Each structure stands twice: as structure tokens, then as C-alpha cells.
Amino acid sequence: MSEGFVELTVNGAPQALWAQESATLLQVLREILGLTGTKNGCETGHCGACTVWIDDVPRLACLTPVGSVAGSRITTVEGLGAWWEESHPSSHYHPVQTAFVEFGAVQCGFCTPGMLMAAAALLRDEPLPTEQEILERLAGHLCRCTGYEQIVRAIRQAALTEVKEL
Amino acid sequence: MTLHTRLVQPSTAEDVTRLLGEPESKIFGGGTDLVPNRTWGLDTSGTWVQLRAVPEATMISLDEEGQWSIGAAVTLKAILEHPKLPGLYPLLADAIMAVATPEIRNQATIGGNLCLDTRCRFRNQPPIWRLGLEPCFKSGGSHCYAAPASSQCVAILSSDTAPAFIALGARLKVHSRSNSRWIEALELYTGDGDRHLTLAPGEWIETIRLPSRPPLGVFDKWRIRKSIDFPEVNVAISVAPGENSREMRMVLGAVAPGPIRLREAERLLAQGPWDQDRLVLAAHTVTGAIHPYDNGQMGVVGRKRAAEHILYRALGKLRNMMGEKGVSA
Ligand SMILES: Cc1cc2nc3c(=O)[nH]c(=O)nc-3n(C[C@H](O)[C@H](O)[C@H](O)COP(=O)(O)OP(=O)(O)OC[C@H]3O[C@@H](n4cnc5c(N)ncnc54)[C@H](O)[C@@H]3O)c2cc1C
Ligand code: SF4
Ligand code: FES
Ligand code: FES
């Protein structure tokens, strides 16, 4: 059998989906669940636009057959604000989201969801990363618009704001 | 048209072997090679056998003789985050860090990296691009675009960890229906780009065993974009200091369907002190030892020059390391 029910928790909500088990998580998120925040840039692992968290680990949805992660917790860019709000009830957005807007780190916005998921995971692991650490984490994320400067600056700023508030 | 592949998750090694015995079935590690190949119609397996529920394949363990074993389905991330392995085998950790990107390393497995399918710029292309070409050997045809005079496929093994495991003297446990066997890492590769592994149908890698006394070693890689790209060429060199002599392994990767041991350079370096001239000469032997074809991103001349360059750079680094550890060069 190559088709069946797959259970996932997506942005906190349990889901039981009828899907081909080899369909990619990217196809399932966008085409079945309508969560189009996660972008399809290349479908082959080369751009980072489809980055989501699978059990809190940033991974590429386009390289993940949905059957291979059955039972997992998925967080997409649509759920990032709510994930943050759980521990910071006063804010609806993750600080990297706010900083991306402030610093002009979004132009066409296609790479942004992937960048945000990678950046938020980095700040969770390393609250005050160096520029080098930021660049290393973003190694798999292509942006055709911004030239990366503003993106790196926004992530640095988000980190500094958070550390100040601690 | 997207193909639909069955995905199964057996919980014992025996069941894995049994399922692999079915036609068109393959091991699924992290899928970071299989899934893009499937998306582009290059992988047409009917069944993927995922190892995530097989205990032997998902553990890192230490035996009574002090040998570390890494299950083939352990992720690259888990090896890098292991409390002991990166410190004991920095050569391996450097090779793993050079693989792809953080997100891919979070998902990719070490067995998948060793068994990675070979690549070629005439084949690893979207279906619409390939429509313009008659099939080559690897696609079921009868010729090769990269090496028209060759009677077989010369697609490239781009694994970054394969040269590292060979240089370290790692052994692989091959699981098969009748019995399991251990092979040297270099014995995994046939040298033919189409059927590049020596595994018989139904056989798969269960674990990788590292030597109990880690040799000194270095890894280096040349790629176009440092952030993400596959290697145009990579090298791993190890030196195990012995009583009177030292054992050395120099392995070059990503220039052929399997890694290449550089015996002539090894001999040259064993003959005398590692002064500048000897390192230059040793690095230069690579130009005769490898015969890359025009199927990578860089041209043939560029890859040969890059190979010589990284070999020289790696030898210099190893000489410094040996100096610091008091091992005579
Ligand atoms: C953008 C991008 C960049 C990349 N860059 C690099 C790079 O720089 N260096 C590099 O080395 N790789 C690179 N890769 C390739 C790939 O991501 C890695 O090689 C990865 O380690 C493959 O592991 P996996 O578990 O995902 O393999 P899978 O896709 O699961 O499997 C790969 C192959 O190995 C077979 N296999 C897997 N496990 C076993 C086993 N235990 N026994 C027998 N056969 C097995 C599978 O059947 C399949 O044929 C890149 C990939 C992408 C998409
Ligand atoms: S090396 Fe030749 S046969 Fe192999 S994939 Fe490339 S063109 Fe095809
Ligand atoms: S869409 Fe997944 S990496 Fe480009
Ligand atoms: S903002 Fe356009 S690709 Fe990054």
C-alpha cells in the first residue's frame, strides 16, 4: 500500500490526512492543508525556502516524504508566532519576524519563511550568535533580492533585543 | 507525473533484508538523495525501506575492544553532536561538516552518504532538460556523453565521507540474507558509475566500525559555492604512527565513480622527510593518478589543478599537525 492515513501535529493541531506516503511534506502542507507560507523554490534541496521544523529540528519539507515523519510535530512559518507566544504571551510575532520587517530583510519575500524558520531555530539553540554562526546556519538559504546584509543584521538585532529583555 | 513509492518501516534487520529482496526496493536513509532523484524521475523504486525502527542501524556504540560503531541510519547531525566522536575522529567530523547544508545534515544519514548515487551533469537534470538527449548507459542506453570512448558509465561519487572512512580504515558490516560480512570501506565501490556499489541485491550496510586507535588525519574539499555545493574534488589523509614506520592512507574523492587511493604519493612520502619539495612532488603525482571527465561543474583541467592544490594544502596541514603532536614527518 502506498497510500493511507498519516497522522501529524501541524502548528499544534492534530491532523489525520489521506495521502501518498511518498508525497513530500511540502506537497502535503501546501496542497492538502493550504499552508502556503512554506515555499516551493526548487523542490530538490537547493534553496531552503521550504524549511520547517520537524520535532523542533529545521529540515527541508521538499526532501521529506510525509510517511517518513508520521507521528511528528511540524511547525511552519504560520505557527512560528504562536510557538513564540506560548513562552512570551505579550507578543504575537517571533522577534526575528519583527526584525525582518524593521530592517528591510524582506523584498520579494520568497526566501523569507525558510530564513525565519532557520533563524528562529538558531536563536533557540544559541541566543547570541556571532555573524559567522548566522552565516553558517543560513548556508542552505538562497535570497535573490536582499544581498543577505539586511537578513544577517535583522537576526543579530532580534538576538540583541531578546538578550536585553532576559 | 509524480511516482508513488511505498515506504515501509521494518523493526528488525532480517525484515529489512527480506523487504529488500523484493524487486525495485531500496534502503531509505534520510532521503536527501533519493527524494530529489525521485522528483526528477531518476529514482523509480517501487519500495523504500526506512531504517528508523531498526535498533542496530540507529545506534552509536562502543565495544569492549574500544571500537566505535555507527549505525548506518544515524544522522550526520547526531554524529556531529556526539559527546565523543568528533573529538576522537576530527577527520570524520570535518568531512561531515563539509556535506551540504545544516538542514540537510539534520536529516541525511551516514549510510546514505556512503551509498550516495553517482552524479553527472548529463543526467542529474530536470526531465525536460533530459528530453533532448538519448539515454546514456546510466539511463539504460548504450553510450556515455561524458566519455564517448568509454564502455561504461563514469558518473562521479560525490560522497564527502567515503574518502574519510577509507583513510580512517573503517570497516562496514554488510547485512545479507545468508550471512553478514565485514568489508573495508574501499571495497564498497565497483568503479562503474552505473552500478557503483559492490552490494548484491538484498544486501545493505548495517553499521560502520571505526578503528580503536584513531590515526591523525585531515580532510579538505574543493567546491564552487562553499556554502552548499557537492565536491568537485575532496581528499582525506591519515597517518597512524607505528613503532618503526607509519601507516599512511591518502584518498581522493569526487573525481571518479569511487574514491581513489593515491599509492604513488603515499610511497613518495614514506621515502624521506616531508620538506617542501617532497610535498610538492607528492601532490603533483595526482595529475597522473586521476582521469576526471567533463561531467562535474568544473572542467577537467580545473578539477585536476584543484586536486593538486587541495592535496598540497592538506599535506601542509597534516605536517603541522604532526609537528604539534611530536610525530616525525
Ligand atoms: C543541495 C544538496 C547538496 C548536497 N551536498 C552534498 C555534499 O556536499 N556532499 C555530499 O557528500 N553529499 C551531498 N548531498 C547529497 C546527500 O544529501 C548526502 O550525501 C546525504 O548524506 C545522503 O544521505 P541520505 O541518508 O539522505 O541518503 P538517501 O537519499 O536516503 O540514500 C542515498 C542512497 O543510498 C542508499 N542507502 C542509504 N542507506 C543505505 C544503507 N544503509 N545500505 C545500503 N544503501 C543505502 C539509498 O538506497 C540511496 O540509493 C547534497 C544533497 C543536496 C540536495
Ligand atoms: S557518465 Fe556517461 S553514462 Fe554516466 S551518467 Fe554521465 S553521460 Fe550517462
Ligand atoms: S524547495 Fe526545498 S530546498 Fe528548495
Ligand atoms: S527576499 Fe526575494 S528571495 Fe529573498
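Residues numbered from 1 in each chain as written. Chains lettered and ligands numbered in written order. Predicted model: local features only at pLDDT ≥ 70, side-chain atom pairs only at ≥ 80, totals over all residues. Heavy atoms only, no water.

Draft legend 1. Inspection of a nonpolar patch on the surface at higher detail. Residues and elements named next belong to chain B. Where nonpolar side chains cluster on the molecular surface, the patch consists of Ile128, Trp129, Leu131 and Leu133 and spans about 460 Å² of accessible area. You can see tryptophan 129 is positioned in helix H8 (residues 127-130). Given a relative accessible area of 40%, tryptophan 129 falls into the partly exposed group. (Patch = residues over 30% accessible without salt bridge, like charges linked within 9 Å, V, L, I, M, F, W, Y side chains within 5 Å. Areas by Shrake-Rupley, 256 points an atom, 1.4 Å probe, with all protein chains shown as cover. Salt bridge = Lys/Arg side-chain N within 4 Å of Asp/Glu carboxyl O. Helix = DSSP H or I, 4+ residues; strand = E, 2+ residues; numbered from the N terminus. Buried < 20%, exposed > 50% of the residue type's maximum accessible area, 1.4 Å probe, protein only.)

Draft legend 2. Focus on the environment of Thr76(A). Residues and elements named next belong to chain A. Relative to the helices and strands, threonine 76 resides in the loop between strand S5 (73-75) and helix H2 (77-87). The class for threonine 76 is buried, based on a relative accessible area of 0%. Separated by 24 residues in the primary sequence, threonine 76 and phenylalanine 100 place their C-alpha atoms 17 Å from one another. Leave out the neighbours within four places in its chain, and threonine 76 touches Asn11, Leu29, Leu35, Thr38, Val52 and Met117. In terms of polar contacts, threonine 76 uses its side chain to reach the side chain of glutamate 78, at 2.6 Å. (Contact = heavy atoms within 4.5 Å. Polar contact = N/O pair within 3.5 Å; in protein donor to acceptor, adjacent residues only side chain to side chain.)

Draft legend 3. Representation of the environment of Thr12(B) in the model. Residues and elements named next belong to chain B. On the secondary structure map, threonine 12 appears in the loop between strand S1 (6-8) and helix H1 (13-20). Note on threonine 12: relative accessible area 32%, which makes it partly exposed. For the pair threonine 12 and proline 55, spaced 43 residues apart in the sequence, the C-alpha separation amounts to 7.5 Å. A distance of 3.1 Å separates the side chain of threonine 12 from the backbone nitrogen of aspartate 15, its partner in a polar contact.

Draft legend 4. Looking closely at the site of ligand 1. Lining the immediate environment of ligand 1, one finds 36 residues, of which Ile27(B), Gly29(B), Gly30(B), Thr32(B) and Thr109(B) sit closest. This site is not confined to one chain, since residues near ligand 1 come from chains A and B. A distance of 2.9 Å is found between an oxygen atom of ligand 1 and a side-chain nitrogen or oxygen belonging to Asn113(B). One nitrogen or oxygen atom from the main chain of Asp229(B) is found 3.1 Å from an oxygen atom belonging to ligand 1. Coverage of ligand 1 by the protein chains reaches 96% of its 980 Å² of free accessible surface. Among the elements that line the shell around ligand 1, the one with the most residues is helix H7 (residues 110-115) of chain B, at four residues. (Near = heavy atom within 4 Å.)

Draft legend 5. Molecular detail of the interface of chain A and chain B. Between chain A and chain B, the residue contacts involve 31 residues of the former and 29 residues of the latter. Looking at the side of chain A facing chain B, the largest losses of area belong to Ser22(A), Leu63(A) and Ser68(A), adding up to 23% of the total buried there. The interface formed by chain A and chain B includes zero salt bridges. Scanning the region where chain A abuts chain B turns up 11 residue pairs in polar contact (both at pLDDT 80 or more). (Buried area = accessible area lost by both parts, 1.4 Å probe.)

Draft legend 6. Structural view of the sheet that holds strand S11 (residues 246-253) of chain B. Residue and element names in this part refer to chain B. If you walk across this open sheet you meet the four strands as S9-S10-S11-S12, and the pairing is antiparallel. In this open sheet, the two strands that pair with only one neighbour each are strand S9 (216-222) and strand S12 (260-261). Along the sheet, helix H5 (residues 90-97) contacts S9 and strand S10 (233-241); its crossing angle with S9, the most-contacted strand, is approximately 15 degrees. The sheet strands contacting helix H9 (residues 161-168) are S10 and S11, and the helix crosses S11 at an angle near 165 degrees. (Pairing = 2+ DSSP bridges. Axes fitted to C-alpha atoms, helices over the stretch in contact; angles between N-to-C directions.)

Draft legend 7. Broad picture of the site of ligand 2. All names here are of chain B. Around ligand 2, the structure places 13 residues, and the nearest of them are Cys120, Cys136, Cys144, Cys153 and Ala155. Here ligand 2 occupies the largest cavity. Looking at side-chain class alone, the shell around ligand 2 contains 10 nonpolar, one polar and two charged residues. (1 Å grid on protein atoms, 1.4 Å probe; cavity = no way out; pocket = protein on both sides within 12 Å on 5 of 7 lines; lining within 4 Å. Sits in = over half its atoms within 2 Å of the grid points. Nonpolar A, V, L, I, M, F, W, Y, C, P; charged D, E, K, R; others polar.)

Draft legend 8. Structural context of the packing of helix H11 (residues 276-284) of chain B against helix H13 (residues 300-325) of chain B. All names here are of chain B. Relative orientation of the contacting elements H11 and H13 amounts to 140 degrees, with a least axis distance of 8 Å. On the basis of the axis angle, H11 is oblique to H13. Relative to H13, the crossing made by H11 is right-handed. Taking contact as the criterion, the partners of Gln276, Leu279, Val280, Ala282, Ala283 and His284 in H11 are, on H13, Glu308, Leu311, Tyr312, Leu315, Gly316 and Arg319. Grouping the constituent residues of the contact of H11 with H13 by class yields seven nonpolar, three polar and two charged. (Parallel < 35°, antiparallel > 145°, perpendicular 65-115°, else oblique. Left-handed = near helix turned anticlockwise from the far one by under 90°.)

Draft legend 9. Just the domain arrangement of chain A, in detail. Residue and element names in this part refer to chain A. Considered domain by domain, chain A is made up of domain 1 (3-77) and domain 2 (79-165). Using C-alpha coordinates to define each centre, domain 1 is positioned 21 Å away from domain 2. In this assembly, 16 residues from domain 1 lie in contact with 16 residues from domain 2. Summed over both sides, the interface of domain 1 with domain 2 buries roughly 1400 Å², with 65% coming from carbon and sulfur. (Domains from an automatic or database assignment.)

Draft legend 10. Spotlight on the layout of surface pockets. Taken as a whole, the second largest pocket spans an internal volume of roughly 1300 Å³. Lining the second largest pocket are 41 residues, with Glu136(A), Ala139(A), Met97(B), Pro102(B) and Arg105(B) sitting closest to its centre. Sort the elements by how many residues they give to the lining of the second largest pocket and helix H5 (residues 131-137) of chain A lands first, with five residues. When its residues are assigned to classes, the lining of the second largest pocket shows 18 nonpolar, four polar and 19 charged. Each of domain 1 (3-77) and domain 2 (79-165) of chain A gives at least three residues to the lining of the second largest pocket. (Points joined across faces, edges and corners; volume = space filled by probe spheres on them.)

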